[in-house]
There are 2 protein chains.
Amino acid sequence: MSYDNAKRDSGSVMKTVIQTIHAELIAVLVAVTGSVPRVLTLADGSAFPAGPLELTHRSLQAGVRAWVERQTHHPLGYIEQLYTFADPTRGATVAGDQAERSISISYLGLTREIASGGDTVSWQNIYRYFPWEDRRSDPTLIERTIRAEMGRWVGTSAERAARVNACFGLDGSPWNEDLALSRYELLYEMGLVREAARDGQSNNGEFIPGAMMHADHRRILATALSRLRAKIKYRAIVYELMPESFSLLELQRCVEALAGQRLHKSNFRRLLASQNLLEETAHYAPGVGRPAKLFRFRAALLAERAIAGTRLPIARP
Amino acid sequence: MSYDNAKRDSGSVMKTVIQTIHAELIAVLVAVTGSVPRVLTLADGSAFPAGPLELTHRSLQAGVRAWVERQTHHPLGYIEQLYTFADPTRGATVAGDQAERSISISYLGLTREIASGGDTVSWQNIYRYFPWEDRRSDPTLIERTIRAEMGRWVGTSAERAARVNACFGLDGSPWNEDLALSRYELLYEMGLVREAARDGQSNNGEFIPGAMMHADHRRILATALSRLRAKIKYRAIVYELMPESFSLLELQRCVEALAGQRLHKSNFRRLLASQNLLEETAHYAPGVGRPAKLFRFRAALLAERAIAGTRLPIARP
DNA sequence: GTAATAGTGTCTTTCAGACAGTATGAC
DNA sequence: GTCATACTGTCTGAAAGACACTATTAC
């Protein structure tokens, strides 16, 4: 029996309803400029570049590139697939025998920031949407608000308390920057972000600061931030974000901006040295104080990428 | 200006072609049985459970669950999204003013193996499709074949040589089990797997052993294997694969099966102990030699999951 | 000289790799 | 006792974390 027969045999009864599926491509473009991580947005910060998958697109990635360039006139470097959503709020609706369904395929891109192309096209600070994710200065500012609001939701449930503590690094749990998405989802579930009220979730408390976005775009941004923070630890993705040459401190500030945490200078440098990613240039950056030596990424880097990986306790023969 | 207006302003000229998009859901279900990692297949091992996204599906995940249960009658536990493909070989075709396009959204699931449900439904050894990925016994067997065939493709290109060495752990580079997808893609590009010839890639050499699959299912399996191997290092996903209780060696064999490598016993145990995942049971497994103590996963594990994460050199204030 | 920023040395603790050992069963 | 498998102890070297130090500019 062929594959197609196998499928038909165990398939469902056909319906006469005609189903139309809309596939939307969404791009989250990230750059880091002067210690601020930013995303490229439309509509004054409330949405990402997006558009339907079209016939002229040779691939999903090509489609994303086309839409971003059309809508923002911003050149596009490295991009990778993020996640595919079938947003229930924009989900299946049936009218007569016509049914509609919408799928969003999101991509994450990394670039250097270039002057934005249109009136409503702009670069926005990522932490405008997630103030609680930036712990570079004083983490306690927002923490206090969150802790108070959460207390109400947790109530007497030990399970809820454990979840909140793990997500937000409270009560002995360490803060884990990768959990950005989990934190957003938790806040949403608790009814503490504005979208929750809009989407008809129960809302028991005050809203936590942080700008809302169109549809589920803010959730997509949280997904992007989580992915970015996890990836920066085992891949040299900062490559795409830095200019031709840069000082070591600039590189550190870039990673700090994404991680939302301050890093330890000399340990950071030791790590860099062990990775053998950089090479010196002959130039120095001017400024107050001692001038900083400028570095660039090693050219041979492309071939070697993605070899490190984490460790398992492998047995040697 | 609203979001929708912004989109329309910079949008393309509308075409009168009506575009139909087919969204297919594909499930890669993995289990480990007796030191063998296996996948659930249809059509005697040549395809995965799959079916179109339907109106009745409340979400993508629900759709996947429905199709798997319908086609294989196998219960489904933990699943996560894998990748979305717009396969060019099954891609855009235009007939009159009707255009068609197919998207595949794949999911990875983890389970314990249960007797398979239909005639052509079966569990297959993953390494049947990627013999070169199993290095538990003798890595040199296939390595020799691969090395010979690759030599031809590499030629005098230093860049190609570097890529091959990094992927296959030759010439001083360490073997990295996570690169399963890269290795498959490289072999495909070199024309050394059967699909390459089928899809019209140039074929310069002999084929490397390994069973072919329907459409791009083997590529999807490679994606799944890579994801699984990467994830097993920072998440306790083996949880889903093991029975109620098990010996430490059984757990080790399970990880080894997925990683395709032997692990170091006492170091593996030390790692387990530091993670605090397990608790003892009162029972012992019988067998030749000293009976093994049986363990189970700690119940409190659910709340704590996904907190570990890798490290950045964080500065303490 | 001071202020300001750039960059290095090194001590201590923790952890990963390797190898040796002991424990408990069947016979 | 032997054989086979289960499990533990510990030595060693390599990283990770923390802290203090020196270097080079502008003024």
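Attention now goes to the overall build of chain A. In terms of helices and strands, chain A carries 10 helices and 10 strands. Taken across its 317 residues, chain A has 50% of its residues classed as buried. Long-range contacts, defined as pairs at least 24 residues apart, comprise 62% of the intrachain contacts of chain A with a sequence gap of at least 6. Here chain A displays about 14900 Å² of accessible surface, and carbon together with sulfur accounts for 51% of that area.

All names here are of chain B. Relative to the helices and strands, T223 is located in helix α7 (residues 217–231). Classification of T223 as buried rests on a relative accessible area of 10%. Every residue in contact with T223, bar those within four places of it in the chain, is listed here: L82, Y83, F85 and L181.

Right, let's talk about the packing of aromatic side chains for a bit. All names here are of chain A. One pass over the full model with this rule turns up 12 aromatic pairs over all chains. By the ring-pair criterion, three or more aromatic residues cluster together here, those being F130, W132, Y184 and Y188. Of note, R219 hangs over the ring of Y188, and the distance from its end group to the ring centre comes to 5.2 Å.

Residues and elements named next belong to chain A. The strand order across the open sheet formed by three strands is β8-β10-β9, and the pairing between neighbours is antiparallel. Looking along the sheet, the strands with just one partner apiece sit at the ends: β8 (246–247) and β9 (278–285). Note that β8 and strand β10 (residues 292–297) share two bridges and pair antiparallel. Paired with S247 across the two strands is L294, which belongs to β10.

Residues and elements named next belong to chain A. Where β9 lies against β10, five bridges are found, and the strand directions are antiparallel. Bridging from a neighbouring strand, L278 pairs with F297 of β10. Here β9 folds back onto β10, and the loop between the two strands holds six residues, one of which, G287, carries a positive phi near 150°.

Let us look at the packing of helix α4 (residues 158–168) of chain A against helix α5 (residues 180–189) of chain A. Axis angle and axis distance: for two packed helices, these are the angle between their axes and the distance between the axes, and together they describe the pair. All names here are of chain A. Here α4 crosses α5 at 140°, and the two axes come no closer than 9 Å. Regarding the angle of α4 to α5, the classification is oblique. Between α4 and α5 lies a crossing of left-handed hand. Of the residues in α5, those touching α4 at R163, V164, C167 and F168 are S182, R183, L186, L187 and E189. In terms of residue class, the contact of α4 with α5 is made up of five nonpolar, one polar and three charged.

This part covers the protein's contact with DNA strand C. Taken together, the neighbourhood of DNA strand C is formed by 22 residues, with L249, K265, R290 and K293 of chain A together with R270 of chain B sitting nearest. Taken together, the sugar and phosphate atoms account for 51% of what DNA strand C places within 4 Å of the protein. Take K293 of chain A: an N or O atom from its main chain is 2.6 Å from a phosphate oxygen of DNA strand C. At a separation of 3.0 Å, a base nitrogen of DNA strand C approaches a polar side-chain atom of S266 of chain B. Elements with a contribution of two residues or more to the surface near DNA strand C: α9 (265–275) and β10 of chain A together with α9 (265–275) of chain B. Top element by residues in the surface near DNA strand C is α9 of chain A. It accounts for four residues. In the surface near DNA strand C, the residues fall into seven nonpolar, six polar and nine charged.

Around DNA strand D, a shell composed of 22 residues is seen, among which R270 of chain A together with L249, K265, R290 and K293 of chain B lie nearest. Here the atoms of DNA strand D within 4 Å of the protein split so that 52% fall in sugar or phosphate, with bases taking the remainder. Within the side chain of R290 of chain B, one N or O atom sits 3.1 Å away from a base nitrogen of DNA strand D. Counting only elements with at least two residues in the surface near DNA strand D, the list comes to α9 of chain A together with α9 and β10 (292–297) of chain B. It is α9 of chain B that contributes the most residues to the surface near DNA strand D, four residues altogether.

All names here are of chain B. Mapped onto the elements, P52 comes out in strand β3 (residues 50–52). For the pair formed by P52 and R235, sequence separation is 183 residues and the distance between their alpha carbons is 31 Å. When near neighbours in sequence (up to four residues on either side) are disregarded, P52 contacts A23, E24, H57 and W67.

The next subject is helix α5 (residues 180–189) of chain B. Among the residues making up α5 of chain B, those that are buried are A180, R183, Y184, L186, L187 and Y188 of chain B. Backbone geometry just after α5 of chain B places G191 of chain B at a positive phi near 75°.

Our next topic: the domain arrangement of chain A. Each domain of chain A was delimited in the assignment, giving domain 1 (19–127), domain 2 (136–210) and domain 3 (243–303). For domain 2 of chain A and domain 3 of chain A, the distance between their C-alpha centroids amounts to 34 Å.

Here we come to the pattern of salt bridges. All names here are of chain B. Counted under the stated rule, the structure contains 32 salt bridges over all chains. With a shortest N-O distance of 2.8 Å, R227 and E80 are connected by a salt bridge. Remark: E80 occurs in strand β4 (residues 78–85) and R227 occurs in helix α7; sequence separation between them is 147 residues. By relative accessible area, which is 29% here, R227 ends up partly exposed.

The next point concerns unusual backbone geometry. Residue and element names in this part refer to chain B. With a phi angle near 65°, S35 is a residue other than glycine that sits in the positive phi range. Secondary-structure assignment places S35 in the loop between β1 (18–33) and β2 (36–41). Positive phi values are uncommon outside glycine, yet D44 reaches one of about 55°. Residue placement: D44 occurs in the loop between β2 and β3.

We now examine the sheet that holds β10 of chain B. If you walk across this open sheet you meet the three strands as β8-β10-β9 (chain B), and the pairing is antiparallel. Because the sheet does not close on itself, it has two edges, and the strands there are β8 (246–247) and β9 (278–285) of chain B.

Quick look at the environment of R262 of chain B now. All names here are of chain B. Tracing the backbone shows R262 in the loop between α8 (248–259) and α9. We classify R262 as partly exposed; its relative accessible area is 40%. On a C-alpha basis, the gap between R262 and Q252 in space is 8.8 Å, while along the polypeptide they are 10 residues apart.

This part takes up the packing of α8 of chain B against α9 of chain B. Residue and element names in this part refer to chain B. Where α8 contacts α9, the two axes come as close as 11 Å, and the packing angle between them is 100°. Here α8 lies roughly perpendicular to α9, going by the angle between them. The segment α8 lies against α9, with L248, L249, L251, Q252 and V255 engaging K265, F268, R269 and L272. Across the contact of α8 with α9, the residue classes tally to six nonpolar, one polar and two charged.

Thresholds, definitions, all that
Residues numbered from 1 in each chain as written. Chains lettered and ligands numbered in written order. Predicted model: local features only at pLDDT ≥ 70, side-chain atom pairs only at ≥ 80, totals over all residues. Heavy atoms only, no water. Helix = DSSP H or I, 4+ residues; strand = E, 2+ residues; numbered from the N terminus. Buried < 20%, exposed > 50% of the residue type's maximum accessible area, 1.4 Å probe, protein only. Contact = heavy atoms within 4.5 Å. Areas by Shrake-Rupley, 256 points an atom, 1.4 Å probe, with all protein chains shown as cover. Phe/Tyr/Trp six-rings, centres within 6.5 Å; stacked < 30°, edge-to-face > 60°. Lys NZ or Arg CZ within 6 Å of the ring centre and 35° of its normal. Pairing = 2+ DSSP bridges. Axes fitted to C-alpha atoms, helices over the stretch in contact; angles between N-to-C directions. Parallel < 35°, antiparallel > 145°, perpendicular 65-115°, else oblique. Left-handed = near helix turned anticlockwise from the far one by under 90°. Nonpolar A, V, L, I, M, F, W, Y, C, P; charged D, E, K, R; others polar. Near = heavy atom within 4 Å. Polar contact = N/O pair within 3.5 Å; in protein donor to acceptor, adjacent residues only side chain to side chain. Domains from an automatic or database assignment. Salt bridge = Lys/Arg side-chain N within 4 Å of Asp/Glu carboxyl O.

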